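Working through the structure, step by step
Each chain, letter by letter, is given below.
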Amino acid sequence: MSDRMLTMAEAVREAMSIAFDERPEVFLLGEDVGIYGGAFGVSGDMYHRYGAERVLDTPIAELGIVGAAVGAALSGMRPIVEIQFSDFTAQAMDQIANQAAKIHFMLGGALHVPMVLRTPQGSGTGAAAQHSQNLEPWFASVPGLKVVVPSNPADAKGLLLAAIDDPNPVIFLEHKLLYKIPGRDPVLEGSTRIPLGVSKVVREGKDLTIVATGIMVNKSWEVCEKLAAEGISITLIDPRTISPLDMNPVFESVEKTGRLMVVQEGPAQAGFINEVIAQLAGSSSFGSLIAPIKRLAGMNIPIPYAPQLEKAAVPQFDDIEAAAREIVKNWR
Amino acid sequence: MGHPLSSPEHASHALLYMWRIRKFEEAVEDLFGRGMMHGTMHLSIGQEASPTGMCMAMTLQDQITSTHRGHGHCIAKGADLTRMIAELLGKKIGYCGGRGGSMHIADVETGNLGANGVVGGGIPIAAGAALASKMMKRGTVAVSFFGDGAMNEGAFHEAANLAAIWKLPMILFCENNKYGMSSSTEKAFAIDNLADRGKGYGIPAVNVDGNDVVAVYEVAQVAVDRAKAGDGPTLIIAETYRWKGHSRSDKNLYRTKEEIEEWRTKDPIPKFIARVVEERILTQEQCDVIQNEAIEAIKAAVNEAVKAESAEPSGLLDAVFKAVSA
Amino acid sequence: MSMTMETGELINFHVAVGDHVKNGDVLFEVMTDKIDMEVEAPADGVIEALVANPGDVVEIGKPVLIMLTETEVMAFDFGTDNEPVAAVEVVAAPVVAPVVPVVVAAPVILNETVKAVPKARVEAANRGIDLRTVRATGPDRTIMMEDVNGAQLDPAIAKRQAANKALIAKGIEMTRGVAQASFTRSVKANFDHATFIAAWAKVLRNRPDLAVHQHVGVALIIESKYGSALPVFRDPDQANLAELTILVASITEAAKSGKVPVAMLSGATTTVFDLTSYSMSSATPLLFPNQVTSVTIGYESATTKIVSLTIDLNFCDFYDGALLLDALVASL
């Protein structure tokens, strides 16, 4: 295994370090990000490399620290604020949704908020209901926030660098289960940005289009591999930025395959992925559909604790495989 | 600026700005009553001395965050009157291009990071601005204006604590006008002296008569000096009173006419005029001229703003994000 | 009062004419869309006149009482501007020329209500297939692409199309055995199909000695994705040219959708094939069974066409053939 097969935690740390080196106004604040190295080990040794001046340990005060990040961003700094679990962004919602998201618009462009809020989301670690949510729709539904969901370390690095460059507030949702494992691709050296708002066609096929977010991209990829061996070829699209959402590759692909499946971890009801369906259904590509649109998403329940229950609550490999097979076989 | 009594120029500045705030708010009340302004207005008539005194201890680079009752803070910090009225009238040249309204006026040139429609919303933001000032070694101070009602918000608590532990160059300026909308401080607090809260955070706190612009200036300057010396935040509790209801839908059912009457006699403006005339810093005639100056300035601003072009819906989508430079 | 309010009801006065009032004293109460509002005196003064009566509905901005004051009061009076209402032009919708109806045999209806995937609907619409006649084999009795692709046109038309295919095949076969000759001429002229077939029919009518039938029926070969259609225009030289032009256009349109009326699929005495749309200059025209002449139109340049004629030497000789072509070219 090459030494560029970094885990997502390593890739995020590398991106933050590059940003720190490029710009003195970039700094990190959050609970346990300093001496402890971050609850999930993401900031790691940054405290020792950059000092307490730039890696700030904060008390447990999400509203206060996100607000401070907003104020610092208004005053010429580029803060990266880490909220320990995405579930706790609830505590900070006024500063995220009522302040950061709206300042540029409300103030007629006089001020802007170049802030990145990074936070781990998702289920699978047995952390139960209040520490396992996927809250993509909370943020995607607020105009004024950009929302990024990297599915692999290589993308995470390039996307985070672009997010830090961005003069607007960016919510960067990392999946807990991806922190400690490498992705399929090596992480590039250097500081190349991956632009926000550009979807990625991960693989091309002609029988089915799958649009998936976050960890579901990886599960879907496994399914594509398995079904390719049986002659079912699938296009897999990873939006990477869910807001603003780049639908162009989706329209193009559906016009070729005629079949669309969307996969997300979060609960189905009012979930983010419904946006993909809504846009497709209202577009001229709708007339290319030869099958109903299939949605795979989490159950409309809080995430349960026991492992078998936790697994059952969100789509798994088997669910994705069965759905893909069914739609290709039954709709000709 | 400097001490209001230190020279005729300083005294004139203090008086002019208090009159500008007073007349501005009266004009807003009139225009609103005529149906020319959308939404609602939160007037600060009677509270003019607090922002005026505080801002005279600040420079242009020092920053403020403000509240929903923020016209006075904006004006005291030096905002353009025409652009303020234009914003309230939904005009293109308004501070926010008609997109923000009364509660969201910001003025970057005068260090105003914005009024806020969320109670307590600006307090952590001011802490952040102070943090940036400290990290970038700018030597500026950030003042958060808020009311007694905000002191019970979690945002106040979290921001005050951060300011204290990080010794931020920040001033927490509470305009205690005894009511958070309809909740009196007697009912909303279990303590009698709001300044006692400072102890809980390790922040020095001081009470001041918010209707005495000289007294306000004096405690403000001490707090600014402390902050700039790196000694951290100060909590200022300025006792004052608003003559008008919370907003335009307020029928004042929660307070008595007698109370309102009593506070009107403590009007900060005649109080200051009496003092400067007695101490022979300004003559009564000079004070009258200053009042007129303020009236004319407001009239000119209103007349100009009314004629300005209305804001249009085209371009709204592009206004959400700042463009990413290539 | 909110901006949406245009009037309020005056409830009562708290003062009378001649009263001295102080800044802040309540003057009168107005009922608004939210609550009863007390309107306060903006300055110290004396009540001069009451302009409205309790119970009156007053317009926002119009005076309710007049008071005299020595204080300069912040009061503004802006007259209402009456902006002229822009005249709205009503434009009559353009009248669409009616399409000449094409008669097709009535289809067999299988279902009254139809469920179909979007692309199937598009395809059926393009091909003139009534979805109610299509058998649905997809899940939940939904019509899939497979069902529409296998769907038959009106059986009579499908039969005729098959017959035409066979005819052409036979023609090719027969041509090998028939003694024939072909002639080619360039024509510097522009003509549409109607003009051409009328001219050709006239030339043929002038040579009854070369005719096999009593009438002249010109078959015009029209290619479409449904195969070749050979609608026959009877005695086109005797028709009104304007009417013939409309008929040729509408039948060409119909043929391209696979919908030629059955009645027009027989009675050909000669065949015309226009190659110019393929940018071909010439091809040796095929003789069809029971026909002694066949013509192609080829493309030489933007201004020049090539007309080719094949004759059955059993019925006319070289000399006649040359004369026929000369006459045709001369009349164009």
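Residues numbered from 1 in each chain as written. Chains lettered and ligands numbered in written order. Predicted model: local features only at pLDDT ≥ 70, side-chain atom pairs only at ≥ 80, totals over all residues. Heavy atoms only, no water.

Here we take up the overall build of chain A. The number of helices and strands found in chain A is eleven helices and twelve strands. The C-alpha radius of gyration computed for chain A amounts to 20 Å, which stays within 12% of the reference 20 Å derived for 332 residues, consistent with globular compactness. Principal-axis analysis of the C-alpha atoms places the extent of chain A at approximately 60 × 45 × 40 Å. Taking all 332 residues of chain A together, the buried fraction comes to 62%. Accessible surface computed for chain A: about 11,600 Å², of which carbon and sulfur atoms make up 56%. Positive and negative side-chain charges of chain A, numbering 28 and 38 respectively, have mean locations separated by a distance of 5 Å. (Helix = DSSP H or I, 4+ residues; strand = E, 2+ residues; numbered from the N terminus. Rg over C-alpha atoms; globule rule 2.2 N^0.38 Å. Buried < 20%, exposed > 50% of the residue type's maximum accessible area, 1.4 Å probe, protein only. Areas by Shrake-Rupley, 256 points an atom, 1.4 Å probe, with all protein chains shown as cover. Lys, Arg positive; Asp, Glu negative; His and termini not counted. Charge placed at Lys NZ, Arg CZ, Asp CG, Glu CD.)

Further remarks concern the sheet that holds strand β5 (residues 45–50) of chain C. Residues and elements named next belong to chain C. If you walk across this open sheet you meet the three strands as β2-β5-β7, and the pairing is antiparallel. Of all the strands in the sheet, just β2 (20–21) and β7 (65–68) have a single pairing partner and so form its edges. Here two bridges tie β2 to β5, and the two strands are oriented antiparallel to one another. In the sheet register, Val-21 faces β5, and the bridge partner there is Gly-45. (Pairing = 2+ DSSP bridges.)

The next point concerns the environment of Tyr95(B). Within the fold, Tyr95(B) resides in the loop between α4 (81–88) and α5 (122–135). It is 7.3 Å that separates the C-alpha atoms of Tyr95(B) and Asp107(B), two residues lying twelve residues apart in sequence. Those residues in contact with Tyr95(B), other than ones at most four positions away along the chain, are Leu107(A), Ala79(B), Asp80(B), Arg83(B), Met84(B), Glu87(B), Ile105(B), Ala106(B) and Asp107(B). (Contact = heavy atoms within 4.5 Å.)

Glancing now at the side chain of Asn168(A). Looking at the secondary structure, you find Asn168(A) in the loop between α6 (153–165) and β6 (170–175). We classify Asn168(A) as buried; its relative accessible area is 1%. From its side chain, Asn168(A) meets the backbone nitrogen of Lys322(B) in a polar contact 2.7 Å long. When neighbours within four sequence positions are excluded, Asn168(A) is seen to be in contact with Val113(A), Pro114(A), Met115(A), Lys146(A), Phe321(B) and Lys322(B). (Polar contact = N/O pair within 3.5 Å; in protein donor to acceptor, adjacent residues only side chain to side chain.)

Moving on, we come to the interface of chain A and chain C. The interface is formed by nine residues belonging to chain A together with nine residues belonging to chain C. For the pairing of chain A and chain C, the buried interface totals around 850 Å² over both sides, and the portion due to carbon and sulfur atoms is 67%. Contact with chain C buries surface across chain A, with Ile290(A), Trp331(A) and Arg332(A) losing the most and accounting together for 60% of the total. Put simply, chain A and chain C have one salt bridge between them. With a closest N to O distance of 3.0 Å, Arg332(A) and Glu146(C) form a salt bridge. (Buried area = accessible area lost by both parts, 1.4 Å probe. Salt bridge = Lys/Arg side-chain N within 4 Å of Asp/Glu carboxyl O.)

Another aspect to go through is helix α11 (residues 317–330) of chain A. Residue and element names in this part refer to chain A. In a regular helix each residue adds 1.5 Å, so 14 residues correspond to 20 Å; α11 covers 20 Å between its end C-alpha atoms and thus fits that length. Residues of α11 that are buried: Ile-320, Glu-321, Ala-323, Ala-324, Ile-327 and Val-328. For α11, the angular spread of buried residues about the axis comes to 170°, placing them on one side. Turned more than 90 degrees off the buried face of α11, the exposed positions are Asp-318 and Lys-329. (Expected span 1.5 Å × (residues − 1). Arc of directions from axis to C-beta.)

Residue and element names in this part refer to chain A. Strand order in the open sheet formed by seven strands is β2-β1-β3-β4-β6-β5-β10, and the pairing between neighbours is mixed. Since the sheet does not close on itself, it has two edges, and those belong to β2 (55–57) and β10 (241–243), each with one partner. Adjacent strand axes in the sheet meet at a mean angle of 20°, parallel and antiparallel pairs treated alike. Here five bridges tie strand β1 (residues 26–30) to strand β3 (residues 78–82), and the two strands are oriented parallel to one another. Each residue of the ladder has a partner; that of Phe-27, found in β3, is Pro-79. (Axes fitted to C-alpha atoms, helices over the stretch in contact; angles between N-to-C directions.)

Pairing between side chains of opposite charge can happen when the charged atoms of each approach one another. All names here are of chain A. In this structure the tally under the stated criterion is 41 salt bridges over all chains. With a closest N to O distance of 2.4 Å, Glu-230 and Arg-325 form a salt bridge. Note that Glu-230 is positioned in the loop between α7 (215–228) and β9 (234–238) and Arg-325 in helix α11, a separation of 95 residues in sequence. Taken together, the salt bridges that share partners define one network made up of Glu-22, Arg-23, Glu-25, Asp-165 and Arg-193.

It is worth spelling out the packing of aromatic side chains at this point. Within the structure shown, the criterion is met by 13 aromatic pairs over all chains. Geometrically, the ring pair formed by Tyr179(B) and Tyr241(B) is edge-to-face, given 6.5 Å between the ring centres and 80° between the ring planes. Separated by 62 residues along the polypeptide, Tyr179(B) in strand β4 (residues 179–180) and Tyr241(B) in the loop between β7 (234–239) and α10 (257–264) bring together distant segments of the chain. For Tyr241(B), a relative accessible area of 0% translates into the label buried. Their ring planes at 10° and their centres at 5.1 Å tell us that Tyr241(B) and Trp263(B) sit as a pair that is stacked. Pair noted here: Tyr241(B) is in the loop between β7 and α10 and Trp263(B) is in helix α10, with a separation of 22 residues, a long-range link. One aromatic cluster is present, formed by Phe40(A), Phe85(A), Phe88(A) and Tyr179(A) through successive ring pairs. Over the face of the ring belonging to Tyr95(B) we find Arg83(B), whose NZ or CZ atom lies 4.3 Å from the ring centre. A cation sits over an aromatic face here: Lys266(B) above Trp263(B), 4.1 Å from the ring centre. (Phe/Tyr/Trp six-rings, centres within 6.5 Å; stacked < 30°, edge-to-face > 60°. Lys NZ or Arg CZ within 6 Å of the ring centre and 35° of its normal.)

This next bit is on the interface of chain B and chain A. Counting residues at the interface gives 36 residues for chain B, matched by 42 residues for chain A. When the two sides are added together, the surface that chain B and chain A hide from each other amounts to roughly 3,100 Å², 71% of it contributed by carbon and sulfur. On inspection of chain B and its partner chain A, the count reaches zero salt bridges. Along the contact surface separating chain B from chain A lie 13 residue pairs in polar contact (both at pLDDT 80 or more). Among the elements of the structure, α5 and α6 (154–165) of chain B are those that each provide at least two residues to the side of chain B that touches chain A. Looking at the side of chain B that touches chain A element by element, the count peaks at seven residues for α5(B).

In most cases, non-glycine residues show a negative phi, while peptide bonds are predominantly trans. Between Ser243(A) and Pro244(A) the backbone carries a cis peptide bond, its omega angle lying at 0°. Here Lys167(B), not a glycine, exhibits a phi torsion of approximately 50°, which is positive. Inspection of the secondary structure assignment puts Lys167(B) in the loop between α6 and β3 (170–176). With a phi angle near 55°, Met181(B) is a residue other than glycine that sits in the positive phi range. Positionally, Met181(B) belongs in the loop between β4 and β5 (183–184).

Residues and elements named next belong to chain A. Domain boundaries in chain A define domain 1 (2–178) and domain 2 (200–330). Taking only C-alpha atoms into account, the centre of domain 1 sits 27 Å from that of domain 2. With 25 residues of domain 1 in contact, the opposing surface of domain 2 contributes 25 residues. Taken together, the links from domain 1 to domain 2 amount to two salt bridges. In this structure, Asp-155 engages Arg-240 in a salt bridge whose closest nitrogen and oxygen atoms are separated by 3.6 Å. Applying the counting rule to domain 1 against domain 2 returns eleven residue pairs in polar contact (both at pLDDT 80 or more). Secondary structure elements with two or more residues in the side of domain 1 that touches domain 2: α5 (136–140), β5 (146–148) and α6. Considering only residue class, the side of domain 1 that touches domain 2 consists of 13 nonpolar, nine polar and three charged. (Domains from an automatic or database assignment. Nonpolar A, V, L, I, M, F, W, Y, C, P; charged D, E, K, R; others polar.)

Moving on: the environment of Asp30(B). Along the polypeptide, Asp30(B) turns up in helix α1 (residues 8–33). Spatially, the C-alpha atoms of Asp30(B) and Asn152(B) are 33 Å apart, while their sequence positions differ by 122 residues. Once residues lying within four places of it in the same chain are set aside, the contact partners of Asp30(B) are Met74(C), Ala75(C) and Phe76(C).

Looking now at the pairing of strand β11 (residues 260–267) of chain A. Residue and element names in this part refer to chain A. A large share of β11 lies buried, amounting to seven of its eight residues. Pairing geometry for strand β8 (residues 208–212) and β11, over four bridges, is parallel. Along β11, the bridge assignment pairs Ile-210 with Met-261. Of the pairings in the sheet, the one linking β11 to strand β12 (residues 294–298) comprises four bridges and is parallel in character. Bridge pairing in β12 links Pro-267 to Gly-298. In terms of handedness, the path from β11 via helix α9 (residues 274–281) over to β12 forms a crossover that is right-handed. (Right-handed = clockwise from strand over helix to strand, strands pointing away.)

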